[in-house]
Amino acid sequence: MSFAKITGTGSYAPEKVLTNYDFEKIVDTSDEWIRTRTGIRERRIADPDVATSDMAYEASVKALEAASIDPSDIDGIILGTVTPDYLFPASSCLVQHRLEAKNAFAFDLSAGCSGFIYALQAAKAIIVSGDAENILVIGAETLSRIVDYRDRSTCILFGDGAGAAVLSKSDENGILSTYLRANGEEWDKIIQPAGGSRIPSTEESVRKGLHYLKMKGNDVFKEGVKGLEYASLEAIKKADVTTEQIALFIPHQANHRIMEAARKRLNLPPEKLFVNVDRYGNTSSASVAIALDEVVRNGRIKKDDLILFAVIGSGFTLASAVVRW
Ligand code: UT7
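Values in this document were obtained by computation on a predicted structure and should not be read as measured data.

A few words on the site of the ligand. Neighbouring the ligand are 22 residues, the closest being Thr29, Arg37, Cys113, Asn255 and Asn282. Here Asn255 contributes a side-chain N or O atom positioned 2.7 Å from an oxygen atom of the ligand. Isolated, the ligand exposes 960 Å² of accessible area, and the fraction of that covered by the protein chains is 73%. In terms of residue count, the dominant contributor to the shell around the ligand is helix H8 (residues 217–239) (four residues). Two domains each put at least three residues into the shell around the ligand: domain 1 (3–172) and domain 2 (177–324).

This is the structure:
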C-alpha cells in the first residue's frame, strides 16, 4: 500500500503592502477597528500586470526546489482558486506551460477558501490510486481584482498571494485524514454575482457593481466558528489521533477572532494556534498554503509533527486535514 506525503512547499506574496492606515484614507475605517475586529494589520496587493497564475508559478518554483523535483516529473497540477486569470482556460494550464511540466495534467478547482485542502485531497486520492506519483497542489488568489474598495465591510479583509506543495507517492503516510463537506444552502453568503452564466457581463452588471465580491460577514462569522471546530474534530477522528497529539493548528486565516474561538472550543493551548492573518489578511485558497510554507521554512514544525488544517469558504465549503510532517 502506498501513501502520499508533502515533500516540498513554497509561497509567494506580492511586495506591495496595504496597511490599515492606508485604508483610513480610502474608506471610513480605522486601524483600531480593523485590528480588534479581524486581527489584520496589513495585506499584500499584486501589481496590475500580475495575475493569479504568475503568483502560483512563483510559489510552485519554490515548492519544486524544496522537493528537489524536476517539473518533468510532475504528473499533475491542481490549483484551487476563485480568482483565475480567465474563466477558461484553467490557470493551472498557464502554470503548467511556464513550468514546462510536460507530463502533467492540469485543472483548477473552485471551492472558495477551502480550495487548497480540497486540492490536497484530490491529489492524495489520485496518488494513492496509483495514477500519479507527484502532484503539485496550489492555492492562489488575486482577490484585490474583485474587491470593492468602496465597501469598508469587505475591502479591509482580503489580500493576494499563493502557496504550493508537492505531494508525492511515499511509504510514509503523510496525509492521515481529510474531511470535505459542502452546504450549498448558503451559496449566497460569499459570492461574486456576475461574470458567469447566471448574470453575464454587461454594462448593467458593471454599473451595479455585481462583479465585486459580496459577503454577509456576520453569517460567515457564526458559521466559521462552528464549522472550523466541527471539521477539525472530524479530521482528528478520521486520523485516529487525539487533539492533544496535534502539534500545530493552522485554520483558515480570515479573522483572528474566529480562529481563537475555534482554538478554545478545541481546547488547544494558545501556542498551538498559527496566525499570519495580521500580515496577509484573508487570501482565500492561498491562506493555509502560505501558512504551511511559513511554518516549514521557519522551523516551527519538525519531522513527525501533526498539523491540523481547518477551513470554511464560499459555498459554503468545509475542509480539514491532519497531516504528519
Ligand atoms: O473567507 C471566508 C471566510 N470569511 C470570514 O471568515 C469573514 C467572517 N466575518 C468577519 O470576519 C466579520 O463579520 C467582519 C470582520 C467582516 C465584520 O465584523 P463584525 O464584528 O461582524 O461587524 P459587523 O458586520 O457586525 O458590523 C459592525 C459595525 C457596523 O456598523 P453599525 O451598523 O453597527 O453602525 C458596520 O457598518 O461595524 C461597521 N463596519 C466598520 N466600521 C469601521 C463594518 N466594516 C467596518 C470597517 N471599519 N472596516
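This part is about the pattern of salt bridges. For the structure shown, the criterion picks out 20 salt bridges. Put simply, Arg35 and Asp31 hold a salt bridge, and the shortest N to O gap is 2.9 Å. One end of the pair, Arg35, and the other, Asp31, are both in helix H2 (residues 31–38), four residues apart, so they sit about a helical turn from each other. The exposure class assigned to Asp31 is buried, which follows from its relative accessible area of 7%. Across the salt bridge formed by Asp293 and Arg297, the nearest N and O atoms sit 2.7 Å from each other. A residue pair is termed a helical-turn pair when its members lie 3 or 4 positions apart in one helix, as Asp293 and Arg297 do in helix H11 (residues 287–297) at four residues. One salt-bridge network, in which partners are shared between bridges, spans Lys5, Glu172, Lys303 and Asp304.

Attention now goes to the domain arrangement of the protein. Domain boundaries in the protein define domain 1 (3–172) and domain 2 (177–324). For domain 1 and domain 2, the distance between their C-alpha centres works out to 14 Å. Taken together, the contacts link 49 residues of domain 1 with 45 residues of domain 2. For the pair domain 1 and domain 2, the summed buried surface comes to about 3700 Å²; carbon and sulfur atoms form 61% of the total. Three residues, Cys113, Ile117 and Ile146, lead the burial of domain 1 against domain 2; their summed loss comes to 18% of the area buried on that side. Where domain 1 packs against domain 2, one counts one salt bridge. Here Glu172 and Lys303 are joined by a salt bridge, their closest N and O atoms 3.1 Å apart. Of all elements in the fold, only strand E1 (3–12), H2, strand E3 (42–44), helix H3 (52–67), helix H5 (115–128), strand E6 (134–142) and strand E7 (160–170) reach the threshold of two or more residues within the side of domain 1 that touches domain 2. It is H5 that provides the largest number of residues to the side of domain 1 that touches domain 2, a total of six residues. Of the residues that constitute the side of domain 1 that touches domain 2, the class distribution is 20 nonpolar, 17 polar and 12 charged.

Take the nonpolar core next. Of all hydrophobic cores here, the largest spans 41 residues; its most connected members are Phe23, Val241, Ile246, Phe249, Leu308 and Val322. Element by element, the count of residues in this core is highest for H8, at seven residues. For this core, the two domains that each supply at least three residues are domain 1 (3–172) and domain 2 (177–324). Among residues more than four places away in sequence, those in contact with Leu308 are Ser232, Ala235, Ile236, Ile246, Leu248, Phe249, Ile250, Leu266, Ala321 and Val322.

Definitions and limits used
- Residues numbered from 1 in each chain as written.
- Predicted model: local features only at pLDDT ≥ 70, side-chain atom pairs only at ≥ 80, totals over all residues.
- Heavy atoms only, no water.
- Near = heavy atom within 4 Å.
- Polar contact = N/O pair within 3.5 Å; in protein donor to acceptor, adjacent residues only side chain to side chain.
- Areas by Shrake-Rupley, 256 points an atom, 1.4 Å probe, with all protein chains shown as cover.
- Helix = DSSP H or I, 4+ residues; strand = E, 2+ residues; numbered from the N terminus.
- Domains from an automatic or database assignment.
- Salt bridge = Lys/Arg side-chain N within 4 Å of Asp/Glu carboxyl O.
- Buried < 20%, exposed > 50% of the residue type's maximum accessible area, 1.4 Å probe, protein only.
- Contact = heavy atoms within 4.5 Å.
- Buried area = accessible area lost by both parts, 1.4 Å probe.
- Nonpolar A, V, L, I, M, F, W, Y, C, P; charged D, E, K, R; others polar.
- Core = buried A, V, L, I, M, F, W, Y, C linked by side-chain atoms within 4.5 Å.

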